[in-house]
Amino acid sequence: MAGGVADVARGKVHVTLSGPENIHRFLSEVVDGKSRLEYSGLRDFKLDDRTVNAPSPFTLPGPQGIEGVQGAFTFSITNPPALGRGFFRLTKDIDGNWKALTLFTNMQDLVGHEESSTDRQGLYEGRKTTWEDVDAKFRAIEADPTVLIGSLFILSPVTRLGRLGIRALVIEKNAGVGDSWRQRYPNLTLHTPAYQSSMLYGPYPTNFPKYIPKGKIAYFLESYAVNYVSGPRHGDQKVILNPKHLVLATGSGRPHIPSWNGMDDFQGALYHSNFHTDAEQFRGKRVVVVGAGNASGDICQDFVAHGAAEVTMVQRSATCVVFSSAMEETYFKLPFSDNNPIEELDLRMNSLPSAFLLQLMKSGETQHMKMFDKELHDGLRKAGFNLTWELSPGSGEVGLEGFLFCRFAAGTMLDVGCGKLIVEGKVKAKQGQDISHFDKDGIEFKDGSKLSADVIVLATGNEPVMKATRAFLGDKIAEQLPPEVWGLDSEGELNQTYRPSGHPGLWFAIGSFEFSRFFSKHLGLQILARELGIA
């Protein structure tokens, strides 16, 4: 299986190929009278033995016990002139011959337009440049950006583009850089460890907790923006800009609020989980949380911690639950020290094709991970909580990774404590019945059962990105776009994410810190190639 960024000048990006025939067919395609392989002119292959990804033995997860040798390498490309880095995994066949299991090639830089390792403004270079000079250059970008990026949610895209010499401006509707995090529910923390969630060029302080709370994220982003980003300063002014590229980096869509009969009749508090701010005001009250994912789990914990009289989670469909400690022993377990640059982890993790990873999960790795959580899962089942690790019945247990790649993690709970509360009965589970309607006292289900409540929180997720895009850009542009952003395509690559969207100049940059940090380079190279006239 081979994958990587291939032929940015010809629009072939984020390609995954499985099987010798498909790989041969792709490399043999004719480009300007030559095979793609000959046209690209791959050369100068060298083992990258000076980093933590130098050649070493490996064993893939799963019961097959696939073993071999893996490592990074560097190479160059003739057309267009570029530098690349890759990662290989070699295993022995039944005859003892070494063969490539996976081969990943990744374009790193276009020659002559390499990503700068320091601020391009050359702060105080030769003691001739002052901060005021640098700030003036930032302000000039505000007036005439080449790329306009919507949202300060993660910041990696705008930071990456700036290091590639692209005039990029990020806009945000909130008053403060960190407000998109600060305004979320009080007990929110990252559900991935700090090292894996590092920001580009500026890792978190070593005294930060492993799972960083939202407030620290908000303040860190504000500090980060001062050092790396030209922030918008127009306030309430009306400003007309004419960028060549628009990048929508707005995270997930707007709150998804289902409509049930009688919602207006309910006499208690009713709101979406995105607007949960204060559980203390409901001390001593009966709470129902509709939904059984990450937000639901966090908010149920918040209500229990603040003395709600009763907390019930309504689980409308089965949930993929993985305890955080199990993830630390498997998916989050680092192959090397966190003193190494995060880019080395990104290369290794992204070198394994997503579709192949899901095959490994189906073939036994999910079963292996479930062993760590057996006690928790048994307790959840006894409490009436329904579990699954399949996207659909009989499709194979892809586990948390499958839900992440295919459903943007909808239907999952990376458990940081709510599971224990359910097992102990401090959070009750109402499962298996669809909601019929609301009335003044609470919720009635289609089997005739009822939950009375003073507070109902709808932890029902967010709308698809394309729905928000249609509302923002209008039907004419939306009709030119594929129906889905995110999810895996037929090659096992993410749909329309950090790659051409279907409309010229429009790009989507969504996903977690890890996705944004790695794929922002692919986005930047594609935009740079277009600006240089080679794509």
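Being a predicted model, the structure only gives us computed values, none of them experimental.

Calculation notes
Residues numbered from 1 in each chain as written. Predicted model: local features only at pLDDT ≥ 70, side-chain atom pairs only at ≥ 80, totals over all residues. Heavy atoms only, no water. Helix = DSSP H or I, 4+ residues; strand = E, 2+ residues; numbered from the N terminus. Buried < 20%, exposed > 50% of the residue type's maximum accessible area, 1.4 Å probe, protein only. Axes fitted to C-alpha atoms, helices over the stretch in contact; angles between N-to-C directions. Parallel < 35°, antiparallel > 145°, perpendicular 65-115°, else oblique. Left-handed = near helix turned anticlockwise from the far one by under 90°. Contact = heavy atoms within 4.5 Å. Pairing = 2+ DSSP bridges. Patch = residues over 30% accessible without salt bridge, like charges linked within 9 Å, V, L, I, M, F, W, Y side chains within 5 Å. Areas by Shrake-Rupley, 256 points an atom, 1.4 Å probe, with all protein chains shown as cover. Salt bridge = Lys/Arg side-chain N within 4 Å of Asp/Glu carboxyl O. Phe/Tyr/Trp six-rings, centres within 6.5 Å; stacked < 30°, edge-to-face > 60°. Expected span 1.5 Å × (residues − 1). Bend = angle between axes of the 7 residues up to and from the residue.

Caption draft 1: Seen up close, the environment of L221. If you trace the backbone, L221 turns up in helix α6 (residues 214-228). Relative accessible area serves as the criterion here: at 1%, L221 is assigned to the buried category. Along the chain, L221 and G384 lie 163 residues apart, while their C-alpha atoms are 41 Å from each other.

Caption draft 2: Representation of the environment of G511 within the structure. Position of G511 relative to the elements: it lies in the loop between β23 (506-508) and α16 (513-531). A relative accessible area of 12% places G511 in the buried class. Taking the C-alpha atoms as reference points, G511 and F405, 106 residues apart in sequence, are found 9.9 Å from one another.

Caption draft 3: Up close: the packing of helix α4 (residues 156-163) against α16. Interhelical geometry of α4 versus α16 gives an angle of 45° and a closest axis separation of 9 Å. Comparing the axis directions of α4 and α16 gives the class oblique. Note that α4 runs across α16; the crossing there is right-handed. When α4 is examined against α16, the residues S156, P157, R160 and L161 are found in contact with a partner set consisting of S516, R517, F518, S520, K521, L523, G524 and I527.

Caption draft 4: Expanded view of the sheet that holds strand β11 (residues 168-171). With parallel pairing, four strands are arranged side by side in an open sheet as β11-β10-β12-β23. The outermost strands of the open sheet, each flanked by one partner alone, are β11 and β23. The sheet shows a mean angle of 20° between the axes of neighbouring strands, direction not considered. One ladder, built from three bridges, connects strand β12 (residues 245-248) with β23; its direction is parallel.

Caption draft 5: Inspection of the sheet that holds strand β15 (residues 310-315) at higher detail. The five strands are arranged β13-β22-β14-β15-β18 in an open sheet whose pairing can be described as parallel. Two strands in the sheet have a free side with no partner beyond their single neighbour: β13 (269-272) and β18 (428-431). Sheet twist, expressed as the average angle between the axes of neighbouring strands with direction ignored, equals 20°. With four bridges connecting them, β13 and strand β22 (residues 455-458) associate as parallel partners. The residue bridging A269 from the neighbouring strand is V455, located in β22. Across the sheet, helix α7 (residues 294-305) is in contact with β13, β14 (286-290), β15 and β22; its angle to β15 comes to roughly 170°.

Caption draft 6: Representation of a nonpolar patch on the surface in the model. Where nonpolar side chains cluster on the molecular surface, the patch consists of L27, L37, L42 and F45 and spans about 330 Å² of accessible area. Topologically, L27 is positioned in helix α1 (residues 20-28). Since its relative accessible area comes to 32%, L27 is described here as partly exposed.

Caption draft 7: The arrangement of the packing of aromatic side chains in detail. Counting across every chain of the model gives 19 aromatic pairs. For the ring pair F73 and F75, a centre distance of 5.9 Å and an interplane angle of 40° mean the geometry is tilted. Plain terms: the ring middles of F405 and F515 are 6.1 Å apart, the flat faces sit at 85° to each other, and that makes the pair edge-to-face. Of this pair, F405 sits in helix α12 (residues 399-407) while F515 sits in helix α16, and the two are 110 residues apart along the sequence. Neither F405 nor F515 differs from the other in exposure class; each is buried.

Caption draft 8: Up close: helix α10 (residues 354-372). Its 19 residues place the ends of α10 only 23 Å apart at the C-alpha level, less than the 27 Å of an ideal helix rising 1.5 Å per residue. Residue K362 marks the point of greatest curvature in α10, where the axis turns by about 65°. Residues of α10 that are buried: S354, F356, L357, L358, L360, M361, G364, E365, T366, M369 and K370. Tucked into the core, α10 has its buried residues touching β9 (98-110), β16 (320-323), α8 (324-329), α11 (374-382) and α12.

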